[in-house]
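# Structural characterization, general
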Amino acid sequence: MSSTPSAAPLFDTHAHLDFPGLAEDLDGLLARARAAGVTRIVSIGAGRGPGTLDGALTIARRHPGVVWATVGVHPHDASGLAPAVIDALESLAADPQVVALGETGLDFHYDRSPRDAQRDAFRAQIALARRVGKPIVVHTRLASDETLAILQEERARDVGGIIHCFSEDAAFAARALDLGFVASFSGLVTFPRAGAIREAALKQPLDAILVETDAPFLAPVPLRGRRAEPAHVAYTADAIAAWRGIAPEQFRRITTANGCRVYGLPDPSTDTRSPRDP
Ligand SMILES: [Zn+2]
Ligand SMILES: [Zn+2]
């Protein structure tokens, strides 16, 4: 037997498996993930525009028990969010393999959609998440205060969720957590100039921290510049564990349990549920 049953599982809580470069190599990518200890992946159903709403869900259906999906419209594509798209999202969101809405939010760095369209799409998807009772995956870039204000105004706390892609510090992550949003850290946190988010990863309460790849983007050091894939989440998890002085296996168990809790999945290691920062 070549399996390693004692190894702690990893959970890549945010990957774009339907993106070009990953979708064509799905079987190989999932085999490499398994070999790296990644037992769970959430494929984010957003980022390729309103014509591809079910891209991630299609992959999740082919790989039950390993891949789950979200449905949503990325802030980059917010200007395409017609009422019919919200209706389509609502029917897809009822699928049991859809574990969250999003990613949605505000990206004022790239501004690929007009800001008003981003705001409207964000509010509409929070309202939808509340209607279907599922958490939200929030993307925020150079829009921290407004992101939190909208989450508060739209009562996103009722469903809670995950905040990612931020480049702010621990104080921002704490404000998000007050609104019911745990923080997810990608390979970005391993980059040399990632001072603020590294501080956030160090100070974030242990029961409110996740790891992700955001594949195919942001491969962690030492793979920076390559196309990211779920297997790489191990580098990010182990780097954060080392900075925090936590055994890598323990940090893997903690982040996997957190991901399962937030996404409403069965927890593979109930003995480490809700651990507290000392
Ligand atoms: Zn994002
Ligand atoms: Zn993403």
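This text gives an overview of the structure that appears in the document. (Residues numbered from 1 in each chain as written. Chains lettered and ligands numbered in written order. Predicted model: local features only at pLDDT ≥ 70, side-chain atom pairs only at ≥ 80, totals over all residues. Heavy atoms only, no water.)

## Some words on the sheet that holds strand E4 (residues 98-107)
- Taken in spatial order, the eight strands of this open sheet run E1-E2-E3-E4-E5-E6-E7-E8, and their pairing is parallel. Bordering the open sheet on either side are strand E1 (10-15) and strand E8 (209-211), each of which pairs with just one other strand. Taken over all neighbouring pairs, the strand axes of this sheet differ in orientation by 30° on average, direction set aside.
- Sheet topology places strand E5 (residues 136-141) next to strand E6 (residues 161-164); four bridges connect them, and they run parallel. Within E6, the position partnered with Ile136 by the bridge is Gly161. (Pairing = 2+ DSSP bridges. Helix = DSSP H or I, 4+ residues; strand = E, 2+ residues; numbered from the N terminus. Axes fitted to C-alpha atoms, helices over the stretch in contact; angles between N-to-C directions.)

## What to know about the coordination of the zinc ion (ligand 2)
- Every protein donor of the zinc ion (ligand 2) is accounted for by His14 (NE2), His16 (NE2), Glu103 (OE) and Asp214 (OD), and the metal-donor separations fall at 2.0 to 2.4 Å.
- If you list the donors of the zinc ion (ligand 2) from N- to C-terminus, the spacing comes out as H-x1-H-x86-E-x110-D.
- A separation of 3.4 Å is found between the zinc ion (ligand 2) and the zinc ion (ligand 1), which share Glu103 as a coordinating residue. Highlighted residues: His14 in strand E1 and Asp214 in the loop between E8 and helix H8 (233-244), separated in sequence by 200 residues. Accessibility assignment for this pair places His14 and Asp214 in one class, buried. (Donors = N, O, S within 2.8 Å, 3.2 Å for Na, K, Ca; no water. Buried < 20%, exposed > 50% of the residue type's maximum accessible area, 1.4 Å probe, protein only.)

## Overview of helix H5 (residues 144-153)
- Within H5, the full set of buried residues consists of Ser144, Thr147, Leu148, Ile150 and Leu151. All buried residues of H5 fall inside an arc of 160° around its axis, so they share one side. Exposed residues pointing more than 90 degrees away from the buried face of H5 are listed as Gln152 and Glu153.
- The elements touched by buried residues of H5 are E4, helix H4 (115-132), E5, E6, helix H6 (170-178) and strand E7 (181-185). (Arc of directions from axis to C-beta. Contact = heavy atoms within 4.5 Å.)

## Section: unusual backbone geometry
- Along the chain, Gly102 connects to Glu103 via a cis peptide bond; the corresponding omega equals 10°.
- Looking at the element boundaries, Glu103 is found in strand E4.
- Cis rather than trans, the peptide bond between Val221 and Pro222 has omega equal to 15°.
- The phi dihedral of Leu142 falls on the positive side, at around 55°, and the residue is not glycine.
- Residue classification places Leu142 among the exposed positions, given a relative accessible area of 53%.
- With phi around 75°, Cys165 is a residue other than glycine that occupies positive phi space.
- Residue placement: Cys165 occurs in the loop between E6 and H6.

## Considerations on the pairing of E5
- The element E5 is largely enclosed, with a buried count of five among its six residues.
- Pairing geometry for E4 and E5, over six bridges, is parallel. In the sheet register, Gly102 faces E5, and the bridge partner there is Val137.
- Viewed along the sheet, the connection from E5 through H5 into E6 turns out right-handed. (Right-handed = clockwise from strand over helix to strand, strands pointing away.)

## Examining the packing of aromatic side chains
- Per the counting criterion, the structure on display carries four aromatic pairs.
- Seen in terms of ring centroids, Phe19 and Phe217 are 5.6 Å apart; in terms of plane orientation they differ by 90°. Their pairing is edge-to-face. Of this pair, Phe19 sits in the loop between E1 and helix H1 (26-35) while Phe217 sits in the loop between E8 and H8, placing them 198 residues apart in sequence.
- For Phe19, a relative accessible area of 12% translates into the label buried.
- Given the relative accessible area of 38%, Phe217 is considered partly exposed.
- Feature note: the residues Phe166, Phe172 and Phe185 constitute an aromatic cluster, connected by ring pairs.
- Between the NZ or CZ atom of Arg112 and the centre of the ring of Tyr110, over which it lies, the distance is 4.7 Å.
- Note that Arg224 overlies the ring of Phe191, its terminal NZ or CZ placed 3.7 Å from the centroid. (Phe/Tyr/Trp six-rings, centres within 6.5 Å; stacked < 30°, edge-to-face > 60°. Lys NZ or Arg CZ within 6 Å of the ring centre and 35° of its normal.)

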